[in-house]
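Results of the structural survey
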Amino acid sequence: MTETFYEVLRRQGITRRSFLKFCSLTATSLGLGSAAAPRIAHALETKPRTPVIWLHGLECTCCSESFIRSAHPLTKDVVLSMLSLDYDDTLMAAAGHQAEAIIEEVKKKYKGNYIVAVEGNPPLNEDGMFCIHGGRPFVEVLKETCADAKAIISWGACASYGCVQAAKPNPTRATPVHKVISGKPIINVPGCPPIAEVMTGVVTYMLTFDRIPELDRQGRPKMFYGQRIHDKCYRRGHFDAGQFAEAWDDEGARKGYCLYKMGCKGPTTYNACSSMRWNGGVSWPVQSGHGCIGCSEEGFWDKGSFYDRVTSITPFGAEANADSIGKAAAGTVGAAIAAHAAVTALARARQKAGESASTSEEQKGE
């Protein structure tokens, strides 16, 4: 019988108090509030750890690099306690036939109850020969491993969308996981790479509630991809005021003005960067002075230069154009009043015409 998360913590000397504190932190990071902490605690006390097979296709391993830097919850808490990471050829000590035998063992022993985490994508051209896994095309290994999985998590833009490998002309036919695997719940967690706490948060949610989180139309968890970066950006006030950096070293850039004209894709990108940030919440690209490149959106490599403004969003101009906005509003109100007056006058004219006609008919009758 696989140990529960709580049993592993107790065996490691973690106190009950620290465990409950962890549950509260986890609930907060998932945006569930402190009321969800008891439910998380109960789940982690009673449910066995979930076996995970972590596969690598065409990718650069940046998702793994991000994952191991998670601070809330700590990666060691997720990997060593919440998960039973039975296979990950990047991290495991075993190699060759010994490593590949573990996949078969997990598939047989935990049929229908294991999670497949996929980092990277399968290339389909030349019968999949552009990515070989254990002497076989990766696409074959992927299909076989996912056949009896409980759910699949696509880590990063590579697995979710294809990323740079799928950029035009895509000679290897690099293909997103969800276009190869069907009939299974698939959670896309895009980004190049995704935020570490987003990755561990998705895993924690699945293990706690025994279901996948609510997804948007692109298969992304709404809890992390439900708002644009633009909505929570600390430079949003400058955008609304019409204050933009025109060059990387101009006065606007020094004052922290909006980077939209420098190619920032924040207004069209859905991710949690501006609220969760990176490196344990220390900073994120826009705070560091670089615009968002839109890496959590599909096909971002094929949408032109990262430094070209490709959208047509018009700032509201709360400060710079306050007078013109007021005039426009006054003009709109004035037009509405004039229209109302015209309709009223027309109605009265019709009424008078009707009364005059009635009077004439009465006089004729007399």
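Residues numbered from 1 in each chain as written. Predicted model: local features only at pLDDT ≥ 70, side-chain atom pairs only at ≥ 80, totals over all residues. Heavy atoms only, no water.

For strand β6 (residues 151–155), the buried fraction is high: 5 of the 5 residues fall into the buried class. The alternating pattern of β6 places Ala151, Ile153 and Trp155 on one face and Ile152 and Ser154 on the opposite face, and all of these are buried. Taken together, the 4 bridges between β6 and strand β7 (residues 186–189) define a ladder with parallel strand orientation. For Ile152, the partnering residue across the bridge sits in β7 and is Ile186. The β-α-β motif built from β6, the intervening helix α8 (residues 156–161) and the parallel element β7 has right-handed crossover chirality. (Buried < 20%, exposed > 50% of the residue type's maximum accessible area, 1.4 Å probe, protein only. Helix = DSSP H or I, 4+ residues; strand = E, 2+ residues; numbered from the N terminus. Pairing = 2+ DSSP bridges. Right-handed = clockwise from strand over helix to strand, strands pointing away.)

Turning our eyes to something else, we now look at unusual backbone geometry. Each neighbour pair has its own omega, and for Lys168 with Pro169 the value is 5°, a cis peptide bond. Relative to the assigned elements, Pro169 resides in the loop between α8 and β7. Omega for the peptide link from Cys192 to Pro193 comes to 0°, which places this bond in the cis form. Looking at the element boundaries, Pro193 is found in the loop between β7 and α9 (196–209). One non-glycine residue, Asp127, lies in positive phi territory at about 60°. Positive phi, normally seen in glycine, also occurs at Arg277, with a value near 60°. Checked against the element boundaries, Arg277 lands in the loop between α14 (273–276) and α15 (322–365). Looking at Arg277, the relative accessible area reads 29%, which means it is partly exposed.

Further remarks concern the confidence of the model for the chain. Of all residues in the chain, 80% have pLDDT values of 70 or greater, and the mean over the chain is 83. Mean pLDDT across the elements of the chain bottoms out in α15 (56) and peaks in β7 (97). Here residues 317–330 scores under 50 on pLDDT; set against residues more than four positions off or in separate chains, the count is 10 contacts. (pLDDT = per-residue confidence, 0-100. Contact = heavy atoms within 4.5 Å.)

Those residues of helix α3 (residues 37–46) that fall on the buried side of the exposure criterion are Ala37, Ile40, Ala41, Ala43 and Leu44. On an axial view of α3, the arc spanned by its buried residues comes to 165°, and they lie on one face. Turned more than 90 degrees away from the buried face of α3 sit Pro38 and His42, all of them exposed. (Arc of directions from axis to C-beta.)

For the structure shown, the criterion picks out 0 disulfides. You can see Cys258 has no disulfide; the closest cysteine sulfur is in Cys264, sitting 6.3 Å from it. (Disulfide = S-S within 2.5 Å.)

It is worth spelling out the side chain of Ser64 at this point. Tracing the sequence through the fold places Ser64 in helix α4 (residues 62–67). Excluding residues within four positions of it along the chain, Ser64 makes contact with Trp54, His56 and Glu119.

The final tally for this structure, using the stated rule, is 12 salt bridges. Note that Lys107 is salt-bridged to Glu104, the shortest N-O span being 3.6 Å. Of the two residues, Lys107 and Glu104 are both situated in helix α6 (residues 96–109); the distance of 3 residues between them amounts to about one turn of the helix. Given a relative accessible area of 44%, Glu104 falls into the partly exposed group. Between Arg136 and Glu144 there is a salt bridge whose closest N-O contact spans 2.6 Å. (Salt bridge = Lys/Arg side-chain N within 4 Å of Asp/Glu carboxyl O.)

Attention now moves to helix α7 (residues 138–146). By the burial criterion, the buried members of α7 are Phe138, Val139, Val141, Leu142, Thr145 and Cys146. With its buried residues spanning 160° around the axis, α7 presents them on a single face. Looking at the buried positions of α7, the neighbouring elements they touch are β1 (50–56), α6, β3 (115–119), β4 (132–133), β5 (136–137) and β6.

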